[in-house]
Amino acid sequence: MIQVDAMGDACPIPVVKTQNAIKELNGAGVVETLVDNDVAVQNLTKLANHNGYGIKSEKVRDGQFKVTITVGEGTDVPDETGSAECLVKPSDKKNIVVVISSNQMGNGSEELGKTLLKGFIYALCQQETLPKTILFYNGGAFVTCEESPALEDLKSLEAQGVEILTCGTCLNFYSLAEKLQVGEVTNMYVIAEKMMQADLIVKP
């Protein structure tokens, strides 16, 4: 049995940690994950149900839940999306482009939006198939600059060959030109070209 401590971890970290533990089982075994909220329990339950794994959850005490996932012989080990099927291989989907136009994800709470975007970028790092390029423009320019909580993950993506490009006009508009910490400066012609040539565009 592999035990995973995901107490205090924000989405999607409990799922990612559990998936990585399941891979270590090499096809069969038990993973026991500790989490501190109902949403994490639900996400882990969906992961197990989607892949046909045995699942049991229990409340240990206030603010602590134990989720036990049992993987049997012959069950496919999931990829980072939680699917038992493999992601599209690079040879089939050569040019995936992610475009980020804000320093937060979705509408509503700014604090929540920033947390969600950080989680999205972290989740990108965990995918079997990485995007070829990530484009940042308008408010998205803040994400590649000093004090961005996503810098470590973006640098990890860049080290794995992902092209990180930030709009120069946007950097200048927000007085961020001297604060860029990852990737390169680009222009709107290149941004349009990258998007036109993409096989798939992902916008969080």
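A. Main features of the packing of aromatic side chains. If you walk through the whole model with that rule in mind, you get 2 aromatic pairs. Measuring from ring centre to ring centre gives 4.8 Å for F142 and Y174, while their planes differ by 55 degrees; the resulting arrangement is tilted. Here Y174 lies in the loop between α5 (168–173) and β8 (184–186) and F142 lies in the loop between β6 (133–136) and α4 (151–159), a separation of 32 residues in the sequence. Judged by relative accessible area, which is 34%, F142 ranks as partly exposed. Take Y174: its relative accessible area is 28%, and that puts it in the partly exposed class. Put simply, the rings of F142, F173 and Y174 touch in pairs and so form one group of aromatic residues.

B. Local environment of the pattern of salt bridges. Taken as a whole and assessed by the stated rule, the structure comprises 6 salt bridges. We note a salt bridge from D9 to K17, for which the minimum N-O separation is 2.6 Å. Of the residues examined, D9 reaches a relative accessible area of 18% and is grouped as buried. Looking at K17, the relative accessible area reads 32%, which means it is partly exposed. One salt bridge in this structure joins K66 and E58, with 3.5 Å as the shortest N-O distance. Using a relative accessible area of 21% as the deciding quantity, one classes K66 as partly exposed. Accessibility expressed as a relative area gives 36% for E58, which makes it partly exposed.

What counts and what doesn't
Residues numbered from 1 in each chain as written. Predicted model: local features only at pLDDT ≥ 70, side-chain atom pairs only at ≥ 80, totals over all residues. Heavy atoms only, no water. Phe/Tyr/Trp six-rings, centres within 6.5 Å; stacked < 30°, edge-to-face > 60°. Helix = DSSP H or I, 4+ residues; strand = E, 2+ residues; numbered from the N terminus. Buried < 20%, exposed > 50% of the residue type's maximum accessible area, 1.4 Å probe, protein only. Salt bridge = Lys/Arg side-chain N within 4 Å of Asp/Glu carboxyl O.

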